[in-house]
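Residue-level structural notes
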Amino acid sequence: MSDPTPADGWFVTGAGGQLGSALVAALARRGARAAGFSASELDVADAAAVRDALAEVRPAWLLNAAAYTDVDGCERDPVRAKTVNAQAPAVLAELCRAAGARLLHVSTDYVFDGRGQRPLREDDPVAPLSEYGRSKLAGERAVLAASPDSTVVRTSWVFGRGKNFIASIRARAAAIRSDPSLGPLRVVDDQIGSPTYASDLAEGILELLERGGRGLYHLANRGAASRLELARFTLDAAGHADLEIVPVKTADYPLPAQRPLYTALDCGRAERLGAVLRPWQEAVAAYVASSPSPAASGR
């Protein structure tokens, strides 16, 4: 955890995760002193603990990157999903209002049902298919209802430091290299979203706030891809261009939580304010180049 003394107005929850750690790093690059709290350091569902931390830090902004993001885990444990993803943001919103701080809350493309065929705007109808999506929708609504000065950012398919789809693909590729009998890779080709690099998202969030962004925004790396396209690009960038990928359908692999099939995001509202993220292909290439291979890191 960074120094929790008055920190130039920044308080980051979920700082041990992909986006939270990227937000702390982005603030450091700006010369800001940010108080970052991981899940083990601060339970966002504990109102008393959050109130005490806010009183100590006295931030201008609380950036809430804390969430229960295990989609199937949320389906199996809806109580935990509601506590972390819905009730905790509501508590944070009320505590921020009482403390005179503004709140930035991160939500998800899974608030949509995925039945559309064009990039989704902020005002498109929401109809989540899973406990994860329903809990996240409840959280964003609570934040926006608590204060018109709050900001909610929906994003899609985040990858960064830690567990994510791209890291999983690279780990599976490394395993197949060691034991070809494990192959080929099988990846769904009917789920389409906007792959988003946590580092780019963090910079975009800060840019959005610096430019006065309030209310609801979509923010993701530019463009859309299927899971298959993302996996293929990742393998090519990571030196596995020869590895085969077999396309499969989502219905062929039933999981506890239903996945929306099309959730590419239209980020025009944020872009018009100047928060523009680079194309997803450039972001994936940068991520692969900057992170060690699973084989090299022993994962």
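These numbers were taken from a predicted model, which means no experiment stands behind them.

Regions with low pLDDT carry predicted coordinates that are not meant to be interpreted in detail. When pLDDT is averaged along the protein, the result is 93, and 95% of the positions lie at 70 or above. Overall, residues 1-8 carries pLDDT values under 50, and its contacts beyond four positions in sequence, including any with other chains, amount to 25 contacts.

Volume-wise, the second largest pocket comes out at about 300 Å³. Around the second largest pocket, the lining is made up of 17 residues, and of these G160, R161, G162, Y197 and Y287 lie nearest the centre. Where the lining of the second largest pocket is concerned, the elements lending two or more residues are α1 (18-29), α7 (198-210) and α10 (280-290). If one sorts the elements of the lining of the second largest pocket by residue count, α1 sits on top with 5 residues.

Looking now at the nonpolar core. Formed by 28 residues in total, the largest nonpolar core has its most connected members in W10, L63 and I205. Here this core takes 7 residues from α7, the largest share from any one element. Excluding its chain neighbours within four sequence positions, the residues that come into contact with L63 are W10, F11, V12, T13, L23, L27, L104, L206 and L209. Listed in part, the 22 residues of the second largest apolar core include A35, A53, A88 and A101.

Inspection of the secondary structure puts R154 in strand β5 (residues 151-155). A polar atom in the side chain of R154 sits 3.2 Å from the side chain of H218.

Moving on to the sheet that holds strand β1 (residues 10-13). Taken together, 6 strands build an open sheet; the order of strands is β2-β1-β3-β4-β5-β10 and the sheet is parallel. Looking at the sheet topology across the chains shown, the edges are occupied by β2 (34-37) and β10 (215-218). Between one strand and the next, the sheet's axes are offset by a mean angle of 20 degrees, whatever the strand orientation. Direction of pairing for β1 relative to strand β3 (residues 61-64): parallel, over a ladder of 4 bridges. Bridging from a neighbouring strand, V12 pairs with L63 of β3. Its contacts with the sheet put helix α4 (residues 78-99) on β3 and β4 (102-108), and the angle it makes with β4 is roughly 165 degrees. Sitting on the sheet, helix α5 (residues 131-146) touches β4, β5 and β10, and the angle it makes with β4 is about 160 degrees.

For the rest of this paragraph, the subject is the pattern of salt bridges. Here the structure, examined in full by the defined rule, presents 16 salt bridges. Taking the shortest distance from any N to any O, the salt bridge between R134 and E131 comes out at 3.3 Å. Note that R134 and E131 are positioned in helix α5 at a spacing of 3 residues, about one turn of the helix. Residues joined by salt bridges that share partners form a network here, namely R29, R30, E203 and E210.

As a packed pair, helix α8 (residues 227-237) and α10 sit with axes 10 Å apart at the nearest point and diverge in direction by 45 degrees. On the basis of their axis angle, the class for α8 and α10 is oblique. Note that α8 runs across α10; the crossing there is right-handed. Each of E229, L230, F233, T234 and A237 in α8 lies in contact with α10, whose residues at this interface are W280, Q281, V284, A285 and V288. A class-by-class count of the residues in the contact of α8 with α10 yields 7 nonpolar, 2 polar and 1 charged.

Reading the values: rules and limits
Residues numbered from 1 in each chain as written. Predicted model: local features only at pLDDT ≥ 70, side-chain atom pairs only at ≥ 80, totals over all residues. Heavy atoms only, no water. pLDDT = per-residue confidence, 0-100. Contact = heavy atoms within 4.5 Å. 1 Å grid on protein atoms, 1.4 Å probe; cavity = no way out; pocket = protein on both sides within 12 Å on 5 of 7 lines; lining within 4 Å. Points joined across faces, edges and corners; volume = space filled by probe spheres on them. Helix = DSSP H or I, 4+ residues; strand = E, 2+ residues; numbered from the N terminus. Core = buried A, V, L, I, M, F, W, Y, C linked by side-chain atoms within 4.5 Å. Buried < 20%, exposed > 50% of the residue type's maximum accessible area, 1.4 Å probe, protein only. Polar contact = N/O pair within 3.5 Å; in protein donor to acceptor, adjacent residues only side chain to side chain. Pairing = 2+ DSSP bridges. Axes fitted to C-alpha atoms, helices over the stretch in contact; angles between N-to-C directions. Salt bridge = Lys/Arg side-chain N within 4 Å of Asp/Glu carboxyl O. Parallel < 35°, antiparallel > 145°, perpendicular 65-115°, else oblique. Left-handed = near helix turned anticlockwise from the far one by under 90°. Nonpolar A, V, L, I, M, F, W, Y, C, P; charged D, E, K, R; others polar.

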